[in-house]
Amino acid sequence: MRPMIQFQNLHRYFGPTRAVNGISFEVQQGQVFGYIGPNGAGKTTSMRILATLDIPTQGDAYVDGFSVVDDPDRVRHRLGFMPDNFGTYANVNVREYLDFFARAYNLRGRQRLAAIHRTMEFTQLDELAEKPINGLSKGMKQRLCLGRTLIHDPPVLVLDEPAAGLDPRARIELRQIIRRLAAEGKTVLISSHILTELAEMCDAVGIIERGRLLAVGTVDEIQKNQPGHNAVRVRVLGEVQPLLTWLQERIAIHQYRIDGQQLIFAHDGDRESEADLLRDMVLAGFRVVEFGCERRSLEDVFMQVTKGQVQ
Amino acid sequence: MTSSDEAPAIATDERGFWAWFDTWCQRAGEYLNPILVKETRQAFKSRQFVITFSLVLLCGWVWSVGGLVLTGALDGSSRGREMFAGYFFILGFPLLVMVPFGAFRSLAAEWEDNTYELLSISALKPHQIVSGKLGSSLLQIVLYLSALAPCLAFTYLLRGIDLPTIVFLLFWMVVNSITVTLLGLCLATISRARHWQVVYSVALIAGCLWNYGLFCGVLTEELVLRDRIALYMVDPEFWVANGIIFSAAVGYGALFFLIARAALLFPSENRSTALRICLVVQYLLFLAWAFWGWLFIDPDLEVLMSFGIVIGLHWWGAGAFLIGERPELSKRARRRLPQSFLGRMFWTTFNPGSGTGYLFVLGNLASAVIVLAAAPYALTALAPTATPRIDRSPDLALYVMVFLGLGFCYVTIYLGIGRLIILAARRFTEVSVQLAMLVQILLVLVGTLGPMLLQAWFSDSRGYTILQISNLFWTLEATFRARHTPFPELPIVVTVLPFTALVVLLLNVRSVGRELRQLRVDAPQRVQEEDALLHPSPQPEPYRSPWDEDEPAARLTGAPDA
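Throughout this description, residue numbers start from 1 for each chain and increase along the sequence as written. Here every chain gets a letter starting at A, and every ligand a number starting at 1, in the order they are written. For this predicted model, a pLDDT threshold of at least 70 governs which residues receive local features, and a threshold of 80 or more governs which side-chain atom pairs are given and counted, while totals over whole chains, interfaces and linings are taken from all residues.

Attention now moves to the overall build of chain A. Think of it this way: any DSSP run of H or I at least four residues long counts as a helix, any run of E at least two long counts as a strand, and we number them from the N terminus. If you tally the helices and strands in chain A, you get 11 helices and 14 strands. With the C-alpha coordinates aligned to their principal axes, the bounding extent of chain A is approximately 80 × 45 × 35 Å. Among the 311 residues that make up chain A, the fraction classed as buried is 44%. Three exposure classes are used. Buried residues have 20 or more other C-beta atoms within 10 Å of their own C-beta, exposed residues have 12 or fewer, and partly exposed residues fall in between, all C-beta atoms being placed from the backbone.

What follows deals with the sheet that holds strand E2 (residues 17–27) of chain A. Residues and elements named next belong to chain A. For two strands to count as paired, DSSP must find a minimum of two bridges between them. Read across the open sheet, the four strands follow the order E2-E1-E4-E5; overall the sheet is antiparallel. Every interior strand has two partners, whereas the edge strands, E2 and strand E5 (66–67), have only one. Strand direction decides the pairing type here: strand E1 (residues 5–14) and strand E4 (residues 58–63), joined by five bridges, are antiparallel. Of the residues in E4, the one forming a bridge with Ile-5 is Val-63. Residue pairs are scored as contacts if the distance between their C-beta atoms, which are placed from the backbone, is within 7 Å. Lines are fitted to the C-alpha atoms to define the axes, a helix being fitted only along its stretch in contact, and any angle between axes, read from their N-to-C directions, falls within 0 to 180 degrees. Along the sheet, helix H1 (residues 43–50) makes contact with E1, E2 and E4, crossing E1 at roughly 120°.

Our next topic: helix H1 (residues 17–29) of chain B. An α-helical turn contains 3.6 residues, so any two residues separated by three or four positions project in the same direction. Under the 1.5 Å per step criterion, the end-to-end length of H1(B) is 18 Å for 13 residues, consistent within 8% with the ideal 18 Å. Burial within H1(B) is sparse, with just zero of its 13 residues counted as buried. To estimate how far a helix should extend, the number of its residues minus one is multiplied by 1.5 Å.

A few words now on the interface of chain A and chain B. At the junction of the two partners, chain A supplies 44 residues and chain B supplies 34 residues. Looking at which element gives the most residues to the side of chain A that touches chain B, the answer is helix H4 (residues 109–122) of chain A, with eight residues. Under the scheme applied here, ten amino acids are nonpolar (Ala, Val, Leu, Ile, Met, Phe, Trp, Tyr, Cys and Pro), four are charged (Asp, Glu, Lys and Arg), and all others, including Gly, are polar. For the side of chain A that touches chain B, the class distribution of residues is 21 nonpolar, 10 polar and 13 charged.

Glancing now at the sheet that holds strand E6 (residues 79–82) of chain A. All names here are of chain A. Pairing is mixed in the open sheet, where six strands are placed in the order E6-E7-E8-E3-E9-E10. Pairing within the sheet leaves two strands with one partner each, and these edge strands are E6 and strand E10 (212–217). Neighbour-to-neighbour, the strand axes of the sheet open up by a mean angle of 15°, direction not taken into account. Taken together, the four bridges between strand E3 (residues 32–36) and strand E9 (residues 204–209) define a ladder with parallel strand orientation. When the sheet's bridge partners are listed, Tyr-35 is paired in E9 with Gly-206. The strands touched by H1 are E3, strand E7 (156–160), strand E8 (187–191) and E9; relative to E7, the strand with the most contacts, the crossing angle is about 150°.

Soluble globular proteins tend to pack their nonpolar side chains together in the buried interior. Within the largest apolar cluster, 187 residues are counted, with the highest numbers of intra-cluster contacts made by A:Val63, A:Val158 and B:Leu185. Looking at which element gives the most residues to this core, the answer is helix H4 (residues 80–112) of chain B, with 16 residues. Beyond its immediate chain neighbours, meaning those up to four positions away, A:Val158 contacts A:Met47, A:Leu50, A:Ala51, A:Leu79, A:Phe81 and A:Leu189. By size, the runner-up hydrophobic cluster in this structure holds seven residues, among which are A:Val232, A:Leu247, A:Phe265 and A:Phe286. Any nonpolar core is a set of buried residues, restricted to Ala, Val, Leu, Ile, Met, Phe, Trp, Tyr and Cys, that join up through C-beta atoms within 7 Å.

We now examine the environment of B:Ile422. All names here are of chain B. Within the secondary structure, Ile-422 sits in helix H16 (residues 394–425). Residues Ile-422 and Ile-323, 99 residues apart in the sequence, show an inter-C-alpha distance of 8.2 Å. Beyond its immediate stretch of four places on either side in the chain, Ile-422 contacts Ile-323, Gly-324, Ser-354, Val-431, Ala-436 and Val-439.

Let's shift gears to the environment of B:Gln518. Residues and elements named next belong to chain B. In this fold, Gln-518 is placed in the loop between helix H19 (490–516) and helix H20 (525–534). By C-beta crowding, Gln-518 is classed as buried, having 20 other C-beta atoms within 10 Å. Sequence separation between Gln-518 and Lys-38 is 480 residues, and the spatial gap between their C-alpha atoms is 42 Å. Non-local contacts of Gln-518, meaning those with residues more than four positions away in its chain, are made with Leu-329, Arg-334, Leu-337 and Asn-351.

Here we come to unusual backbone geometry. Residue and element names in this part refer to chain A. Despite not being glycine, Asp-64 shows a phi value in the positive range, around 50°. Along the chain, Asp-64 falls in the loop between E4 and E5. Looking at Asp-64, the number of C-beta atoms within 10 Å reads 21, which means it is buried. A positive phi angle, close to 55°, is found at Asp-153, a residue other than glycine. Here Asp-153 shows up in the loop between helix H5 (138–150) and E7.

In this section: the pairing of strand E12 (residues 256–259) of chain A. Residues and elements named next belong to chain A. With four bridges joining them, E12 and strand E13 (residues 262–267) adopt antiparallel strand pairing. The residue of E13 that forms the bridge with Asp-259 is Gln-262. Following E12, the chain reverses through two residues before pairing antiparallel with E13; Gly-260 in that reversal takes a positive phi of roughly 65°.

This next bit is on the packing of H4(B) against helix H7 (residues 163–190) of chain B. All names here are of chain B. Axis separation between H4 and H7 bottoms out at 8 Å; the angle between their running directions is 20°. With respect to each other, H4 and H7 are oriented roughly parallel. Crossing of H4 against H7: the hand is right-handed. Residue composition of the contact of H4 with H7, by class: 19 nonpolar, six polar and no charged. The cut-offs work like this: below 35 degrees is roughly parallel, past 145 is roughly antiparallel, 65 to 115 is roughly perpendicular, and the gaps in between are oblique. In this scheme, a crossing is called left-handed if the near helix is turned counterclockwise away from the far one by less than a right angle; it is called right-handed if the turn is clockwise.

No statement about biological role is implied by the geometric values presented.
Here is the structure:
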């Protein structure tokens with residue numbers, strides 16, 4: 001099956017700065033792909049290349065099999081791009097703004113009116129149709145920009161920091177909209193700093209830093225590939241130190257923390273090995289009153305994978 | 001989003017003419033440029049347009065009342081000319097200053113407000129973006145004209161100015177306004193850096209004000225107030241001059257449009273071929289007008305040299321930009337390269353690239369040199385008695401040839417050296433087309449001012465010496481006057497310059513040849529698949545013998561059913 005988005009050894013240099021340095025990954029149809037990385041990691045640059053706003057120094061990117069370098073016009077028909085900061089026109093209201101972009105995407109007559117109607121309904125902008133854009137709140141402007149992105153009903157959406165600057169309510173609503181889009185089978189490439197949200201809505205994520213892709217896959221896959229991806233919490237009656245000594249003899253523990261009568265340590269094993277460990281603890285005479293395993297969050301994985309380096 | 005919601009229907013009240021007209025306008029509006037629609041909506045709500053439009057109307061009314069009193073038209077004398085001059089100045093300001101500058105700002109604001117990116121990723125093509133902005137300016141021109149139309153009609157009723165004069169002057173004002181508007185749009189696209197935008201903005205507003213003062217001042221003084229238009233209108237030279245100026249306005253307007261379009265095109269697109277075609281059309285237009293004027297107005301051989309100077313400047317200016325193009329062709333551009341032998345022979349130099357640009361300029365300039373040098377001989381051979389005023393001395397014809405040949409050598413040398421410098425610089429850094437132009441200007445400045453300064457410091461001679469051989473202006477000027485003023489260095493100049501030009505040309509040959517060998521590539525599989533899906537080729541009908549008695553054939557021939 002042909003991927004809807006494909007980065008192929010993509011490079012983009014700005015003088016000595018390697019903003020994007022050999023990125024390759026694919027996003028299949030209907031997937032929501034989270035693109036995460038610290039500021040200046042190369043997310044926006046690679047998204048702009050995908051949106052045909054920039055060209056790579058080397059390599060290529062494809063949307064539905066079409067090269068962004070050689071066939072930008074075909075890519076643009078299939079792609080809706082929501083930039084992190086976007087401009088609006090003075091003396092234009094919401095309906096006129098959407099009408100302009102509908103015309104710009106060659107939608108005519110009833111087809112155009114239907115697209116505007118559908119977009120306003122979907123983004124819940126109906127009531128603000130006649131309101132000047134300059135009078136809209138940040139959240140409403142984000143919705144309008146999303147509406148503009150959706151006006152020609154593209155199968156691929158590239159959303160660069162769509163939740164930036166939104167209040168919690170607007171953020172939740174935006175997340176719901178993206179879920180609905182994903183449910184309709186659209187391929188979404190989304191970047192955000194709010195990792196908990198991405199973890200909830202993304203089928204796959206890519207972590208990028210200093211222009212290099214450090215990890216890619218489903219959230220589970222990435223978590224599993226990181227050493228000590230599970231945090232095991234054990235509470236015993238009595239001293240914790242003997243348990244730690246016993247564990248250190250038995251398995252290699254690199255990261256641990258003693259919190260009162262509770263020992264928390266990183267563990268790479270699966271569910272079966274965790275069950276075996278509990279059984280062995282009890283058989284060894286430790287009086288275990290609480291035993292829990294927690295998967296590390298995307299935030300933890302992100303912190304572990306990235307080094308916070310900027311270029 | 002995929003659900004097919006019912007759209008609110010377009011109002012189609014069939015009662016009455018206005019309802020029909022409204023529906024018709026709505027339908028027609030579907031085919032208008034989206035930018036024109038948006039800008040018109042914006043303009044009608046903007047304070048700037050309302051204020052400017054109101055001011056024009058107010059000035060018109062003030063001049064209608066004040067002008068009548070000041071010019072003494074109230075006593076019944078023919079003061080239409082003076083009144084028209086006032087209205088012409090009032091109309092000129094919005095048309096020659098506000099509209100062009102407004103178009104420049106409108107496009108420049110797209111980068112400043114981050115809205116251009118949203119436009120560029122839509123289905124709008126760059127030519128639609130530029131023509132949308134131009135269309136919006138044209139609409140403003142029409143509105144300003146219609147605002148002052150009653151006043152202009154009023155001057156005709158006051159007598160003293162006739163209708164052809166009014167139409168003639170308004171025609172030129174509109175042509176001037178459109179050309180300057182296109183220049184403004186072109187400047188807005190050349191550089192997106194803020195500091196350059198400021199420079200261009202100041203230059204444009206100054207240029208617009210200068211153009212406004214000169215155009216309105218000269219035309220009203222010469223044609224209206226002195227009432228010389230009647231004299232001019234019967235003079236054929238006047239109409240030839242009008243034809244030349246109109247051709248130049250159309251030619252340069254088209255060039256500005258194409259430059260703006262090229263600047264907005266995606267980097268992998270072919271930005272150059274359309275510009276090169278426009279340059280050739282401009283050149284041919286000039287050549288046609290020049291020869292027409294030369295033959296019928298002033299058949300002097302020395303005039304041919306001035307034609308040569310204009311053509312040389314045209315191609316040198318074009319070449320300075322063209323040699324700055326990148327030598328690599330994108331796969332997208334290579335998909336449309338000419339494939340046939342004749343196509344490759346005639347169209348290869350129209351392909352983008354610095355080498356093809358160099359060759360393109362030299363080819364066109366060589367054709368100009370040949371045509372201009374051969375013109376007197378051709379005229380003598382074809383019509384020996386047609387133009388008795390022509391100076392047919394072989395001595396003069398030789399000087400014309402030498403002058404044109406040296407001009408060609410200078411262009412070959414300067415563009416060739418500039419191109420080699422740019423090719424070398426590209427190994428280390430990015431060189432833009434603007435930078436290539438600057439390199440060329442610097443090169444000519446060094447070649448011109450350098451020897452002049454050297455001569456001023458180290459020599460007492462104030463006349464031309466062989467040190468000035470790199471100074472194309474002085475050398476060509478000395479050659480131009482050589483028939484009347486002694487030019488002893490001429491034999492050295494005609495030996496050294498062609499030899500140097502040949503050496504520079506040979507130094508460029510290898511890299512130019514590499515560009516000429518570019519071949520067409522096929523579109524990728526995915527593109528071919530989609531094209532086949534969108535435009536399926538008609539399936540060939542299976543071959544059927546006319547003797548087969550199948551059913552349709554039997555019906556056609558009226559044969560009875562079996």
